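# Topology and contacts: notes
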Amino acid sequence: MSTFSGDETAPFFGFLGAAAALVFSCMGAAYGTAKSGVGVASMGVMRPELVMKSIVPVVMAGVLGIYGLIIAVIIRTGINPKAKSYYLFDGYAHLSSGLACGLAGLSAGMAIGIVGDAGVRANAQQPKLFVGMILILIFAEALALYGLIVGIILSSRAGQSRAE
C-alpha cells in the first residue's frame, strides 16, 4: 500500500509551466505581429518606400515567442522524475517560471503591437518620429526580457527543495 504524498502530481505543474510560457509568449508575439503588421500594410499604401524600414515592430514581436520557447525547453529538461525526485516545490517553481515569462511576453506583445501600429503610421507622416518609435519598442521588448530573466531564476530554484 502506497501513501499519496502529492508529489506524484508535481510534473503536471511543471509541464503546465512550460506550456504557459510558450502559449502566452506566442499569443503576445501573434498579437504584436498582427497589430503592427496592419499598421505597416496601411502605411505601405501611402509610402511604399518605407515598408522595409517599418518592419522593425513585426520582428521585435516575433522574438517574444522565442523567449517562451527558451523557458519551455529549460523547464522540460528539469522534469525527469525517473532520474531524480521531482517534488511539488519543483513543479510550482517551474509553473511560476513559465507564467512569469509567458505573461510578460503577452504584455510586451500587446505594447509592441499598439506602439508599432501607431508608430509606423506616424513615421509615414513625420520621419523624425522613427527614433522615438524604436526607443519605445525597445522598452516594450525589455518587459519580456525581464520576464525571461525572472523565469530563468525561478526555474533554477527547482531541484533545491530537499537535500538528497
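A quick note: this is a predicted structure, and the numbers were derived from the prediction, not measured.

## Some points on the side chain of His94
Within the secondary structure layout, His94 lies in helix 3 (residues 88-125). A relative accessible area of 2% places His94 in the buried class. Among all residues touching His94, those that are not within four sequence positions of it are Gly14, Gly17, Ile75, Gly78, Ile79, Tyr86, Ser155 and Ala158.

## Here we look at the pattern of salt bridges
For the coordinates displayed, the defined rule picks out three salt bridges. The salt bridge involving Asp117 is made with Lys35; its shortest N-O contact spans 3.5 Å. One end of the pair, Asp117, is in helix 3; the other, Lys35, is in helix 1 (residues 10-46), and 82 residues separate them in sequence. The partly exposed category is assigned to Lys35, whose relative accessible area is 29%. Of the charged contacts in the structure, one is a salt bridge between Arg47 and Glu49, with a shortest N-O distance of 2.7 Å. Residues joined in a network through salt bridges with shared partners are Lys35, Asp117 and Arg121.

## As for the UniProt feature "transmembrane region" (unreviewed entry) in the protein
Residues annotated in UniProt with the feature "transmembrane region" (unreviewed entry) correspond here to residues 12-34, 55-75, 95-117 and 129-154. With 95% helix and 0% strand, residues 55-75 has end C-alpha atoms that lie 32 Å from one another.

## Section: the environment of Thr9
Of note, Thr9 is situated in the segment before helix 1. C-alpha separation for the pair Thr9 and Leu99, spaced 90 residues apart in sequence, amounts to 18 Å.

## Focus on the UniProt feature "domain: V-ATPase proteolipid subunit C-like" (unreviewed entry) in the protein
Annotation from UniProt places "domain: V-ATPase proteolipid subunit C-like" (unreviewed entry) at residues 16-75 and 96-154. Taken end to end, residues 16-75 has its terminal C-alpha atoms 10 Å apart, with 85% of it in helix and 0% in strand. With 93% helix and 0% strand, residues 96-154 has end C-alpha atoms that lie 7 Å from one another.

## Here's the deal with a nonpolar patch on the surface
Together, Leu143, Leu145, Tyr146, Ile149 and Ile153 give the surface a local cluster of nonpolar side chains, amounting to about 470 Å² of exposed area. Position of Ile149 relative to the elements: it lies in helix 4 (residues 130-157).

## Here we look at the environment of Pro11
For Pro11, the position within the fold is in helix 1. In sequence terms Pro11 and Leu135 are 124 residues apart; their C-alpha atoms lie 40 Å from each other. Excluding its chain neighbours within four sequence positions, the residues that come into contact with Pro11 are Ile79, Pro81 and Tyr86.

## Structural notes on helix 2 (residues 56-78)
With 23 residues, helix 2 should reach 33 Å at 1.5 Å per residue; the first-to-last C-alpha distance of 34 Å fits that figure. Listed as buried for helix 2 are Pro57, Met60, Ala61, Leu64, Gly65, Tyr67, Gly68, Ile71, Ala72 and Ile75. Looking at the packing, one finds that the buried side of helix 2 touches helix 1, helix 3 and helix 4.

## A look at the packing of aromatic side chains
Considering all chains together, one arrives at two aromatic pairs under this definition. With a centroid separation of 5.3 Å and an interplanar angle of 75 degrees, the aromatic rings of Phe12 and Phe13 are classed as edge-to-face. Classification of Phe12 as exposed rests on a relative accessible area of 54%. Clustering of aromatic rings is evident, with ring pairs tying together Phe12, Phe13 and Tyr92.

What counts and how
- Residues numbered from 1 in each chain as written.
- Predicted model: local features only at pLDDT ≥ 70, side-chain atom pairs only at ≥ 80, totals over all residues.
- Heavy atoms only, no water.
- Helix = DSSP H or I, 4+ residues; strand = E, 2+ residues; numbered from the N terminus.
- Buried < 20%, exposed > 50% of the residue type's maximum accessible area, 1.4 Å probe, protein only.
- Contact = heavy atoms within 4.5 Å.
- Salt bridge = Lys/Arg side-chain N within 4 Å of Asp/Glu carboxyl O.
- UniProt positions renumbered as here; feature names shortened; annotations may be inferred.
- Patch = residues over 30% accessible without salt bridge, like charges linked within 9 Å, V, L, I, M, F, W, Y side chains within 5 Å.
- Areas by Shrake-Rupley, 256 points an atom, 1.4 Å probe, with all protein chains shown as cover.
- Expected span 1.5 Å × (residues − 1).
- Phe/Tyr/Trp six-rings, centres within 6.5 Å; stacked < 30°, edge-to-face > 60°.

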